[in-house]
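For reference, the chains in residue letters:
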Amino acid sequence: MASGKADGKVRGFQFSPWNLLLIIPLLVLITSLFNTDGPRLFGMPFFYWFQFVFVAVGVLCTGIVYAMTRDKPTSDRPDRLSVDELDEGDVK
Amino acid sequence: MTNIQWPELIIFAVLFAVVTVLGFVASRWKAGNTLDHLDEWGLGGRKFGSWITWFLLGGDLYTAYTFVAVPALMFSAGAMGLFALPYTIIVYPIVLMPALRMWSVSRVRGYVTPADFVRGRFGSPTLALLIAITGIIATMPYIALQLVGLEAVLRTMGINGSGIVGHLPLLVAFIILAVYTYQSGLRAPALIAFVKDILIYLVIIVAIIYLPSKLGGWSAIFDSAQAKFDKTPSPSDGILLNANNQLQYATLALGSALALFLYPHSLTSVLASRGRSVIKRNMVALPAYSLVLGLLALLGYVAISASVKPITNNATGKPDTNTVVPVLFDSQFSAWFAGIAFAAIGIGALVPAAIMSIAAANLWTRNIYKEYIKKNATPGQEAKQAKLASLIVKFGAVAFILFIDPQFSIDLQLIGGVLILQTLPAVAISLYTRWFHRWGLIAGWVVGIGWGLIMLYNIPNAATGKAHFGGSALALDKLSIFGWHPLSGSQLQIYVGFVALVANLLVAVIFTVVARQMKVFNGTDDTEPEDYHADEHDKDLREIGVH
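Cut-off values and rules
- Residues numbered from 1 in each chain as written.
- Chains lettered and ligands numbered in written order.
- Predicted model: local features only at pLDDT ≥ 70, side-chain atom pairs only at ≥ 80, totals over all residues.
- Heavy atoms only, no water.
- Helix = DSSP H or I, 4+ residues; strand = E, 2+ residues; numbered from the N terminus.
- Buried < 20%, exposed > 50% of the residue type's maximum accessible area, 1.4 Å probe, protein only.
- Contact = heavy atoms within 4.5 Å.
- Areas by Shrake-Rupley, 256 points an atom, 1.4 Å probe, with all protein chains shown as cover.
- Axes fitted to C-alpha atoms, helices over the stretch in contact; angles between N-to-C directions.
- Parallel < 35°, antiparallel > 145°, perpendicular 65-115°, else oblique.
- Left-handed = near helix turned anticlockwise from the far one by under 90°.
- Nonpolar A, V, L, I, M, F, W, Y, C, P; charged D, E, K, R; others polar.
- Patch = residues over 30% accessible without salt bridge, like charges linked within 9 Å, V, L, I, M, F, W, Y side chains within 5 Å.
- Salt bridge = Lys/Arg side-chain N within 4 Å of Asp/Glu carboxyl O.
- 1 Å grid on protein atoms, 1.4 Å probe; cavity = no way out; pocket = protein on both sides within 12 Å on 5 of 7 lines; lining within 4 Å.
- Points joined across faces, edges and corners; volume = space filled by probe spheres on them.
- Expected span 1.5 Å × (residues − 1).
- Bend = angle between axes of the 7 residues up to and from the residue.
- Phe/Tyr/Trp six-rings, centres within 6.5 Å; stacked < 30°, edge-to-face > 60°.
- Core = buried A, V, L, I, M, F, W, Y, C linked by side-chain atoms within 4.5 Å.
- Polar contact = N/O pair within 3.5 Å; in protein donor to acceptor, adjacent residues only side chain to side chain.

(A) Expanded view of the overall build of chain A. Across its full length, chain A carries one helix and zero strands. Looking at the 92 residues of chain A, the share that counts as buried comes to 38%. Taking contacts inside chain A between residues at least 6 apart in sequence as the whole, the part at least 24 apart equals 46%. Just so you have it, chain A exposes about 5300 Å², and 64% of that area is on carbon and sulfur atoms.

Written as structure tokens, this is what we have:
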């Protein structure tokens, strides 16, 4: 990722290779991968539990992208909010 | 009004009263200097943190209607109804990056609506007007659908009169909602969303653990659903997709995901957040609701297994499948727990309805009133105008339900989804590039909307006997380009909105190339490249809510 300018501002289009992870959840659109009854899990056909598993895949991919790009590119202060501070709501 | 379920109704009414109080108190919650500014009334001061945004967005995107209609679709059509699950799985990865850019540029330039952004990006009031009108038209029936969800619950509790009297409780609920939204703006749904979601999570977790164990486990539930679908003559239902509707499933999920954050109300919740990290965290955490949505969808099968019969709507005389989940709760749980579940769905209708009416009011105020009627409106006048518009929008939605068959608002919502998708090139793609010419975008919009409507008009619904607007699944066989059928003979089905969007993009590209060749002026771009990366701690951000 290109670094910011001297004044902390970024111009133009920014891209991080980590963003490519966001494509993985789209695999759930290929229905032929999972449109079968077996193997069942807890009595649930594959079609159903596969898609539930993909909720987790989506969270994982988006979470990694968030973690890997969090300090970039705009703020000079890193993102270190604790849970208690989250909703203080005052704009600094 | 016979067999009213008093215990359920009392619990429902008590929780509703709590929420009403919250709605009024909300105006003072984290109040800025004034409520007479759209930044404050319409965006809650642009300072919501991660938790509030999570509840607000969750309350906004997963509506009462979703919670009622998705299981209803599973109940009647089977696997096809689960499209809502992949839809909410892919929406966050797709939307993460554009949402961040939209937040930044809106924060720097003071944009309140997607049409504001388009206005600034292309200097074209016309294009902005088209985006604003599309947003308002797509949002209105969506609000009406929240009422359909609320009514399904009321009907299950025995309030199922015919005529206007039967709608009276609904009207009362909506007047209360209208008044506190007028008073508190976006802070009201933000605060109420906490109550709604805690109730929803409580109910779903209990339901999803308790009901299968009572009905013989998931295996038995899926088998009973399969047995039901085997008995119907329709070839398109079943617990798995068939050869013809897989493409429809995937394109509907993708199209709906692309459309979701083009809806003005979802952007409202995004713009109300404090900074980019808040949005990022939310895109990671919001799928918790997807899990709930998926589990809720399965309640459609649970209802089959429990032999639920939908209630007949006394206003139309037809069975209302939207009542299957409420009836399931009513028949399987004790009255007090069913009352909590109904309150969760009922309050779940208020949160999105409030946000949607605020979003529509913002569009009206910023992109029609201020642009065409009163150019030099002060921020105070804008806020006043938006408050009034939010009232009108809500009563318009009530009128839909009172005077028109609710089925009509379901059809309109279907159309609305196709319409809002046509704003994708102007709103989402323009966040990244100004390659498209504004006249190309306008031409693409016209073709996308026009063709989308024509295709929807020509889709019949065999099950209900309707000749037009019978659904969003187009058989490729019927795909006609000026009478030419390029895919004749194929029975594969595809989502209409997706086809219209492809046409929209093609036309936009062609017109853009032509306009560039002819050197037609492409408007002035108000935005700077660094606007798209601004964040909450930047030193020279605009002040919020300043007159």
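So much for the structure itself; the text now carries on.
(B) Looking closely at the packing of helix α3 (residues 50-61) of chain B against helix α14 (residues 276-285) of chain B. Residues and elements named next belong to chain B. Interaxial distance between α3 and α14 falls to 9 Å at its minimum, and their mutual angle equals 50 degrees. In this view, α3 runs oblique relative to α14, as classed from their interaxial angle. α3 and α14 meet at a crossing whose hand is right-handed. Together, S50, T53 and W54 of α3 and V278, R281, N282 and A285 of α14 make up the contact between the two elements. Residue composition of the contact of α3 with α14, by class: three nonpolar, three polar and one charged.

(C) Expanded view of a nonpolar patch on the surface. Residues and elements named next belong to chain B. A cluster of nonpolar side chains, namely W439, I510, F511, V514, M518 and V520, defines an oily patch on the protein surface of about 590 Å² accessible area. The greatest single-element share of the nonpolar patch, amounting to three residues, is contributed by helix α22 (residues 496-517). Turning to its location among the elements, V520 is positioned in the segment after α22. A residue is classified by how much of its surface remains accessible, and V520, at 33% relative accessible area, is partly exposed.

(D) Fine view of empty space enclosed by the protein. Residue and element names in this part refer to chain B. Throughout the structure, instances matching the rule amount to four cavities of 30 Å³ or more. Considering only enclosed or pocket space, the second largest cavity measures out at about 60 Å³ in volume. If you go around the second largest cavity, the residues you meet are F67, L199, I200, V203, I204, L296, V325, F329, A341, A344 and I345. At the level of elements, α10 (187-214), α16 (324-332) and α17 (335-373) are the ones that each hand at least two residues to the lining of the second largest cavity. Ranked by the residues each element gives to the lining of the second largest cavity, the list is headed by α10, at four residues. Of the residues assigned to the lining of the second largest cavity, the class counts are eleven nonpolar, no polar and no charged.

(E) Summary view of α17 of chain B. Residue and element names in this part refer to chain B. With 39 residues, α17 extends 53 Å from end C-alpha to end C-alpha; this agrees with the ideal 57 Å at 1.5 Å per step. The axis of α17 is deflected most strongly, by about 30 degrees, at T365. Among the 39 residues of α17, 33 are classified as buried, and the element is accordingly described as predominantly covered.

(F) Region of the structure containing the packing of aromatic side chains. Residue and element names in this part refer to chain B. Evaluation of the coordinates by the stated rule reveals 29 aromatic pairs over all chains. Ring geometry for W54 and Y201: centres 6.2 Å apart, planes at 20 degrees, overall stacked. Within this pair, whereas W54 is found in helix α3, its partner Y201 is found in helix α10, the two being separated by 147 residues in sequence. On the basis of relative accessibility, which here comes to 12%, the residue W54 falls in the buried class. Its relative accessible area of 18% is what places Y201 among the buried residues.

(G) Quick look at α14 of chain B. Of all ten residues that make up α14 of chain B, nine are buried, and the element is covered over most of its length. Among the residues of α14 of chain B, those classed as buried are R276, S277, V278, I279, K280, R281, N282, M283 and V284 of chain B. In the core, the buried residues of α14 of chain B are packed alongside α1 (46-69) of chain A together with α3, α5 (84-109), α13 (264-271) and α15 (287-305) of chain B.

(H) Looking closely at the packing of helix α1 (residues 6-25) of chain B against α10 of chain B. All names here are of chain B. Taken N-terminus to C-terminus, the directions of α1 and α10 make an angle of 150 degrees; their axes are 8 Å apart at the nearest point. When the axis of α1 is compared with that of α10, the two are roughly antiparallel. In this structure, α1 crosses over α10, and the sense of that crossing is right-handed. Contact with α1, carried on its side by L15, V19, L22 and G23, involves A188, L191, I192, V195 and L199 of α10 and no other residues of that element. By residue class, the composition of the contact of α1 with α10 is eight nonpolar, one polar and no charged.

(I) Representation of the nonpolar core. Judged by nonpolar contacts, the single largest core of 209 residues is most densely connected at Y48 of chain A together with F12, F261, L298, L299, Y301 and F329 of chain B. Sorting elements by how many residues they give to this core places α17 of chain B first, with 21 residues. Residues within four places of F329 of chain B in sequence aside, it is in contact with V203, A207, L299, A338, A341 and F342 of chain B.

(J) Looking closely at the side chain of T113 of chain B. Residue and element names in this part refer to chain B. Note on placement: T113 falls in the loop between α5 and α6 (114-122). A polar contact of 2.9 Å, which involves the side chain of T113, links it to the side chain of N367. Leave out the neighbours within four places in its chain, and T113 touches N362, L363, R366 and N367.

(K) Region of the structure containing the pattern of salt bridges. Residues and elements named next belong to chain B. A complete count under the given rule lists 15 salt bridges over all chains for this structure. D525 is the partner of R121 in a salt bridge, and the nearest nitrogen-oxygen pair spans 2.8 Å. Placement of R121 in helix α6 and of D525 in the segment after α22 is noted, with a sequence separation of 404 residues between them. Of the charged contacts, one joins R434 and D525 as a salt bridge, the two residues approaching to 3.9 Å between their closest N and O atoms. Of this pair, R434 sits in the loop between α20 (424-427) and α21 (438-457) while D525 sits in the segment after α22, and the two are 91 residues apart along the sequence. Residue classification places D525 among the partly exposed positions, given a relative accessible area of 25%. The network of salt bridges with common partners includes D116, R366, K370 and E382.

(L) The arrangement of the environment of Q332 of chain B in detail. Residues and elements named next belong to chain B. Tracing the backbone shows Q332 in helix α16. Taking relative accessible area as the criterion, Q332 reaches 13% and is therefore assigned buried. Separated by 122 residues in sequence, Q332 and Y210 have C-alpha atoms that sit 9.6 Å apart.

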